[in-house]
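The primary structure of each chain is shown beneath.
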Amino acid sequence: MSEQSTDLRETVRRRYAAAAVQVTEGGTACCGPSAIEIDSNFGATLYAADERDALPAEAVAASLGCGNPTAVADLHEGERVLDLGSGGGIDVLLSARRVGPAGKVYGLDMTEEMLALALANQKKAGATNVEILKGAIEAVPLPAATVDVIISNCVINLSTDKPAVFAEMIRVLTPGGRIGISDVVADDALAPEQRAERGDYVGCIAGALSFTEYRQGLEAAGFTGIEITPTHPVADGMHSAIIRATKPAKQSCCGATACK
C-alpha cells in the first residue's frame, strides 16, 4: 500500500472512530445518544421510522450511510449476509431480523471504536445470529464461499483499493450469491479531480468511482447482471446509487481470469 493510501485509510479510521466516540459519550447523557451531524443526504433519515424504532438508539445515531441496503438486498430467511464496513451495526441488526434465527449476519469493520459500539448494540438488540469481525474490506477474514449476500452502505467509495474489494466480494460469495449495495457514484463526465472539488475523501465524495468505472470493476472481478441505479444526488454530478450484481452459479476456467 502506498504512503498516500495509508494516510487516507488512517484519516478514514480517525473520522469514524470519532463518530463512534461521539455516539457512545452521548449515550451517557439523560436524553440518550446524539445523532452525528452530517449532510441530509446521509444517515438514519434514509430508513423508515418503523425500522429505526425497532433498533437501539445508538445504532441509529451512528448511521452514516447514503442509502438503505437492506431495503434492496431482498434478504430471505436462513441466508448468510456480510455487511462491509458495518459501523455501529444498523444494517447488521436489520439484516439479522430479516434472515431470522436460521440465518447469520457478519458485520466487518476496521475501527475499534465502531466495533465496540456494534457489539454493545448487538447485545442490546439480543441478536444471537450476528458476528462482529475486525478487518479491512480489502481482506475479508472469512473463507471462500461463506455468504449468500453482501451488503454495504457508502463504504466502498472510502477504499483506496477498490479492485481488491471487488475481488474479495466475489471470493466470499457462494456461487449464485449476490450483492445489494448503496454507494456514492459519479457521473462519467467528472474526472477524479472534479470529484475531489465537490467533497473530500472521508466525506464519501472524492474517492467515488464513476458509473462506468464501477461497472468495469465489478465485471473484472467476475460479477454479472450488474445494475447501478441512482437514487438521489449528494453533490453536483454525484449520486447515491443502488448497486446490484451476481456471482455466476458456475464459472468456466476462463471466467474472470484467463486459463493458464
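Here, the structure is the one placed above.
Predicted, not measured: the structure shown is a model, and the values here were computed from it. (Residues numbered from 1 in each chain as written. Predicted model: local features only at pLDDT ≥ 70, side-chain atom pairs only at ≥ 80, totals over all residues. Heavy atoms only, no water.)

> Lay out the overall build of the protein chain with the relevant residues and their values.
Secondary structure assignment for the protein chain yields eight helices and eight strands. Counting every position in the protein chain, which comprises 260 residues, the buried fraction comes to 54%. Partitioning the intrachain contacts of the protein chain with sequence separation of at least 6 by distance along the chain shows that 71% fall at a separation of at least 24. Carbon together with sulfur atoms contributes 53% to the accessible area of the protein chain, which is approximately 11400 Å² in total. (Helix = DSSP H or I, 4+ residues; strand = E, 2+ residues; numbered from the N terminus. Buried < 20%, exposed > 50% of the residue type's maximum accessible area, 1.4 Å probe, protein only. Contact = heavy atoms within 4.5 Å. Areas by Shrake-Rupley, 256 points an atom, 1.4 Å probe, with all protein chains shown as cover.)

> Hey, could you go over the environment of C66 for me, with residue numbers and the actual values?
Looking at the secondary structure, you find C66 in the loop between α3 (57–61) and β1 (80–84). Separated by 165 residues in the primary sequence, C66 and T231 place their C-alpha atoms 9.6 Å from one another.

> Describe the packing of aromatic side chains, with residues and values.
On inspection of all chains with the given rule, the structure shows one aromatic pair. With a centroid separation of 5.5 Å and 45° between ring planes, the pair formed by F166 and Y214 is classed as tilted. Separated by 48 residues along the polypeptide, F166 in helix α6 (residues 162–172) and Y214 in helix α8 (residues 211–221) bring together distant segments of the chain. Note on Y214: relative accessible area 1%, which makes it buried. (Phe/Tyr/Trp six-rings, centres within 6.5 Å; stacked < 30°, edge-to-face > 60°.)

> Give a detailed account of helix α5 (residues 112–125), specifying residues and quantitative values.
Over its 14 residues, α5 extends 20 Å from the first C-alpha to the last, a length consistent with the 20 Å expected when each residue adds 1.5 Å. The complete set of buried residues in α5 reads M114, L115, L117, A118, N121 and Q122. One face of α5 carries all of its buried residues, which in axial projection span an arc of 160°. Away from its buried face, by an angle of more than 90 degrees, α5 presents the exposed residues K123 and K124. (Expected span 1.5 Å × (residues − 1). Arc of directions from axis to C-beta.)

> Which residues make up the packing of α6 against α8, and what are the values?
Where α6 meets α8, the closest approach of the two axes is 9 Å, and the angle between their N-to-C directions is 45°. With respect to α8, the element α6 is oriented oblique. As α6 packs across α8, the resulting crossing turns out to be right-handed. Contact residues: F166, A167, M169 and I170 in α6; Y214, G217, L218 and A221 in α8. A class-by-class count of the residues in the contact of α6 with α8 yields seven nonpolar, one polar and no charged. (Axes fitted to C-alpha atoms, helices over the stretch in contact; angles between N-to-C directions. Parallel < 35°, antiparallel > 145°, perpendicular 65-115°, else oblique. Left-handed = near helix turned anticlockwise from the far one by under 90°. Nonpolar A, V, L, I, M, F, W, Y, C, P; charged D, E, K, R; others polar.)

> A description of helix α4 (residues 90–99) should follow, citing residues and the corresponding values.
The buried count for α4 comes to eight of 10 residues, which makes it a mostly enclosed element. All buried positions along α4 are accounted for by I90, D91, V92, L93, L94, S95, A96 and V99. At the exit of α4 stands G100, carrying a positive phi of roughly 75°.

> Summarise empty space enclosed by the protein; cite the residues concerned and give the values.
On inspection of all chains with the given rule, the structure shows two cavities of 30 Å³ or more. When its volume is computed, the second largest cavity comes out at roughly 30 Å³. Around the second largest cavity sit G88, G89, V92, L93, A118, N121, Q122, V130 and I132, which together line it. If you tally residues by element for the lining of the second largest cavity, the top one is α5, at three residues. (1 Å grid on protein atoms, 1.4 Å probe; cavity = no way out; pocket = protein on both sides within 12 Å on 5 of 7 lines; lining within 4 Å. Points joined across faces, edges and corners; volume = space filled by probe spheres on them.)

> Explain the state of the cysteines residue by residue, including any values.
Tallying each qualifying case throughout the model produces zero disulfides. Note on C204: no disulfide assigned, nearest cysteine sulfur contributed by C154 at a separation of 3.7 Å. (Disulfide = S-S within 2.5 Å.)

> Outline the nonpolar core, supporting the account with residue identities and numerical values.
If you look at the biggest cluster of nonpolar residues, it comprises 32 residues, and the most contacted ones within it are L82, M169, I179, Y214, L218 and F223. Mapped onto this core, the elements with two or more residues apiece are β1, β2 (104–109), β4 (147–153), α6, β5 (173–186), α8, β7 (224–235) and β8 (238–246). For this core, the element with the most residues is α6, which contributes five residues. Among residues more than four places away in sequence, those in contact with F223 are F166, M169, I170, L173, I179, L218, A245, T246 and K247. Core analysis: the next-biggest nonpolar cluster, separate from the first, contains 15 residues, L75, A96, L115 and A118 among them. (Core = buried A, V, L, I, M, F, W, Y, C linked by side-chain atoms within 4.5 Å.)

> Break down the pairing of β2 for me, citing the residues and quoting the values.
Burial runs high along β2: five of the six residues are buried. Each parallel crossover has a hand, and for β1 linked through α4 to β2 it is right-handed. In the sheet, β2 pairs with strand β3 (residues 130–134) via five bridges, with the strands oriented parallel. What sits directly across from D109, in β3, is K134. With respect to chirality, the unit in which β2 leads through α5 into the neighbouring parallel β3 is right-handed. (Right-handed = clockwise from strand over helix to strand, strands pointing away. Pairing = 2+ DSSP bridges.)

Function cannot be read off these values alone, since they describe shape.
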